[in-house]
Amino acid sequence: MKAVKARSTAIALAGMLALSACSGSTSAETAAVVDGRVITEQEVREATSQINKAFNPQQPLTAAQTLTLLIRAPYINEAAAAAGRAQSESAARAALKDFPETPADSTVEILQAEASLQQVDDAGRQELTKKFAEADMKINPRYGRFDPQQAALVTTSPNWLVPAPAASAPAQPAQ
């Protein structure tokens, strides 16, 4: 009887672990949650890789920069649409027409937002800054924190890291 109960418990536990792993919302697999929208580590990795491969920038895009772009993208696209100047998804995909693989939705969203941002005026940018400040954001600590004034992630030092004291010069012998 104990063996059956132990096996049933093990199967139930394994099932729960499998379901939680598939959800994509485990803390290890979540890069950020912004106003309830989950941005996964997979989305960040795909977009970073695809943008770097497609455009081969002199300074490759980092995961933190990609996450910043993914955080900002829906707000930018919404602001540009409200102003009647949104970049279309098809135009963003056209920017990748020579790319050998199908671009991820996250990659397209970034390209669409970055093109749309060029169409947002100063008042719209101020409104975006306000929206960023009001947004409910939970950022994976490995990326730092989101600074609404910079509209970017900034690195933070964990409170458990203490800087080493500065080495003092050795005392000179008295003469």
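Report follows, based on the coordinates. Remember, it's a predicted structure, so these values are computed and weren't measured experimentally.

A few words now on the pairing of strand β2 (residues 37-40). In the sheet, strand β1 (residues 30-34) pairs with β2 via 4 bridges, with the strands oriented antiparallel. Paired with Val-33 across the two strands is Val-38, which belongs to β2. Remark: 2 residues form the turn of the hairpin made by β1 and β2, two consecutive strands paired antiparallel; Asp-35 in that turn has positive phi of roughly 50°.

Evaluated as defined, the whole model comprises 9 salt bridges. Between Glu-78 and Lys-131 there is a salt bridge, with its nearest N and O atoms 2.8 Å apart. With a gap of 53 residues between them, Glu-78 in helix α3 (residues 63-82) and Lys-131 in helix α6 (residues 122-134) connect regions that are remote in the sequence. Two residues, Lys-97 and Asp-98, come together in a salt bridge whose shortest N-O distance is 3.5 Å. Its relative accessible area of 64% is what places Lys-97 among the exposed residues. A residue is classified by how much of its surface remains accessible, and Asp-98, at 66% relative accessible area, is exposed.

It is worth spelling out the sheet that holds β2 at this point. The strand order β2-β1-β3 describes an open sheet built from 3 strands, whose pairing is antiparallel. The sheet is open, and its two edges are formed by β2 and β3 (137-139), each paired on a single side. Averaged over neighbouring strand pairs, the angle between their axes works out to 15° when direction is ignored.

Cut-offs applied
- Positions within a chain are numbered from 1, following the residues in the order the chain's sequence is written.
- Where local features are concerned, this predicted model is filtered to residues with pLDDT of at least 70; where side-chain atom pairs are given and counted, the filter is 80 or more; whole-chain, interface and lining totals use all residues.
- Side-chain metrics rest on all non-hydrogen atoms present in the structure, leaving aside hydrogens and water.
- What makes two strands pair is DSSP finding at least two bridges between them.
- Numbering of helices and strands runs from the N terminus; a helix is a DSSP stretch of H or I covering at least four residues, while a strand is a stretch of E covering at least two.
- A pair is scored as a salt bridge if a Lys or Arg side-chain nitrogen falls within 4 Å of a carboxyl oxygen belonging to Asp or Glu.
- Think of it in three bands: residues with accessible area under 20% of the maximum for their type are buried, residues over 50% are exposed, and the middle band is partly exposed, with areas taken using a 1.4 Å probe on protein chains only.
- Here an angle of 0 to 180 degrees is reported between the N-to-C directions of two axes, which are lines fitted to C-alpha atoms, with helices fitted over the stretch in contact.

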